[in-house]
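# Working through the structure, step by step
So the chains spell out like this:
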Amino acid sequence: MSGMRPTGRLHLGNLWGALRKWVSIQDEYECYFAVADWHMLTTAYDRTEDLGSNVQEMVLDWLAAGLDPAKCVIFRQSRVPEHAELHLLLSMVTPLSWLENNPTWKESLAELSKTKHADIRTHGFLGYPVLQAADILIYGADLVPVGQDQLPHLEISREIARRFNGLYGGVLVEPRAMPTEAARVPGTDGRKMSKSYGNTVDIFEEPDSLEAKASGMYTDPTRARATDPGHPEPCPENPPGCSVFALHKLYNPGWEARGAECRAGAIGCVSCKGDLLRRLEEPFEAFRVKRRLYDARTVEGILQEGSVKARQKAALTLESVRKAMKLTP
Ligand code: SF4
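The rules behind these values
- Residues numbered from 1 in each chain as written.
- Predicted model: local features only at pLDDT ≥ 70, side-chain atom pairs only at ≥ 80, totals over all residues.
- Heavy atoms only, no water.
- Buried < 20%, exposed > 50% of the residue type's maximum accessible area, 1.4 Å probe, protein only.
- Helix = DSSP H or I, 4+ residues; strand = E, 2+ residues; numbered from the N terminus.
- Pairing = 2+ DSSP bridges.
- Right-handed = clockwise from strand over helix to strand, strands pointing away.
- Domains from an automatic or database assignment.
- Contact = heavy atoms within 4.5 Å.
- Buried area = accessible area lost by both parts, 1.4 Å probe.
- Nonpolar A, V, L, I, M, F, W, Y, C, P; charged D, E, K, R; others polar.
- Phe/Tyr/Trp six-rings, centres within 6.5 Å; stacked < 30°, edge-to-face > 60°.
- Near = heavy atom within 4 Å.
- Axes fitted to C-alpha atoms, helices over the stretch in contact; angles between N-to-C directions.

## Topic: the pairing of strand E2 (residues 32–35)
Side-chain alternation along E2 places Tyr-32 and Ala-34 on one buried face and Phe-33 and Val-35 on a second face that is also buried. Note that strand E1 (residues 2–4) and E2 share 3 bridges and pair parallel. Within the sheet, the bridge partner assigned to Met-4 lies in E2 and is Val-35. Each parallel crossover has a hand, and for E1 linked through helix H1 (residues 12–25) to E2 it is right-handed. As judged from the 4 bridges shared by E2 and strand E3 (residues 73–76), these two strands associate in the parallel manner. Pairing of Phe-33 across the sheet is with Ile-74, part of E3.

## Quick notes on the domain arrangement of the protein chain
When the parts of a complex come together, some accessible area is lost, and that lost area is often taken as the interface size. Parsing the protein chain into structural domains produces domain 1 (2–184 + 295–324) and domain 2 (195–290). Here the C-alpha centroids of domain 1 and domain 2 sit 32 Å apart. Each partner contributes residues to the interface: domain 1 has 16 residues there, and domain 2 has 16 residues. Summing both sides of the interface, domain 1 and domain 2 together bury roughly 1500 Å²; the carbon and sulfur share of this comes to 63%. Mapped onto the side of domain 1 that touches domain 2, the elements with two or more residues apiece are H1 and helix H3 (51–65). Classifying every residue of the side of domain 1 that touches domain 2 by side-chain character gives 9 nonpolar, 4 polar and 3 charged.

## Section: the packing of aromatic side chains
If you walk through the whole model with that rule in mind, you get 10 aromatic pairs. Considering the side-chain rings of Tyr-32 and Tyr-139, the 4.6 Å spacing of their centres and the 20° angle between planes classify their relative orientation as stacked. With a gap of 107 residues between them, Tyr-32 in strand E2 and Tyr-139 in the loop between helix H8 (128–137) and strand E4 (143–146) connect regions that are remote in the sequence. Take Tyr-32: its relative accessible area is 7%, and that puts it in the buried class. When the ring of Phe-245 is compared with that of Trp-255, the centres are 6.2 Å apart and the planes differ by 65°; the resulting orientation is edge-to-face. Here Phe-245, found in helix H11 (residues 243–251), pairs with Trp-255, found in helix H12 (residues 255–263); they are 10 residues apart in sequence, far enough to count as distant. A relative accessible area of 5% places Phe-245 in the buried class. Ring-pair connections join several aromatic residues into one group, and the members of that group are Trp-16, Tyr-251 and Phe-284.

## Section: the site of the ligand
What surrounds the ligand is the set Thr-219, Asp-220, Arg-223, Cys-242, Val-244, Phe-245, Cys-262, Ile-267, Cys-269 and Cys-272. Contributing elements (two or more residues each) for the shell around the ligand: H11 and helix H13 (269–291). Each residue belonging to the shell around the ligand can be placed in one class, and the counts come to 7 nonpolar, 1 polar and 2 charged.

## Topic: the sheet that holds E1
Strand order across the open sheet formed by 3 strands is E1-E2-E3, with parallel pairing between neighbours. Strands at the two margins of the open sheet, each flanked by one partner only, are E1 and E3. Here the average twist between neighbouring strands, direction ignored, is 25°. Contacting E2 and E3, helix H14 (residues 296–324) runs over the sheet at an angle of about 95° to E3.

Quick look at the structure:
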């Protein structure tokens, strides 16, 4: 079980951080992938105008990247109301201190409070780890593909499951982490790739905008000339590391030789960027072609069918939870 907030078109960070892993496990496991639109509301409840189109764009990217609805369940969270009921029931047993001490909540609160958007000191945002726990536990998920930075979230889900089981018997499955490939994908400015920093490269970026982004990409400020020795990897001389090199590591099988050339001052950044662009051409075009095979109606049909399947599975867990809590005879 895993999910993504519908933020519209996906970027390379999403692809290498999660989506590739999802595609690789769909043959082997029974997988549920959620469009986490309720989670979107926890921080962006004041910006819902584009929610519908963002859901659509994101699912199109999923399909083009290789998720196959014949092999996995793709659904929209808000169409599976069982998540909401389990969220409510789990809220009853989750101590407030677990949520208030959640480091991600504190950091996000500090970061997002600086923006002009709505006040996020809300019940919904404080309680998002409980909703996340409900998302996972409702499918009896034993494995959750997570990056290193997501491990604390999964830990809260595990704690909530343990607490619930301690109170009412072993009804809920305690999920374990399935670590995802930890590829570093910095943004065009060297910081973490994120839409909120405006430094992303879309997974299907069109050639013109891709070229513009590559030409402005952060490289190594210590290099004044092409013959100066470079620092492609993060190091004291170039703490973020070169963003172009990080992409070579993902798309260029000869990245080690490229790193050596850079360190020796044997290649200039302009040709290095040109080479990267040529290497991105083929995989990006393949994605673009595949993406054009699907349309809005196909996406709607997939979400509809997926939500029905998800509800069937979710209803079983919820029934056991209700029974364990003596809510049903
Ligand atoms: S030569 Fe390439 S790897 Fe080295 S700093 Fe320039 S862009 Fe980065």
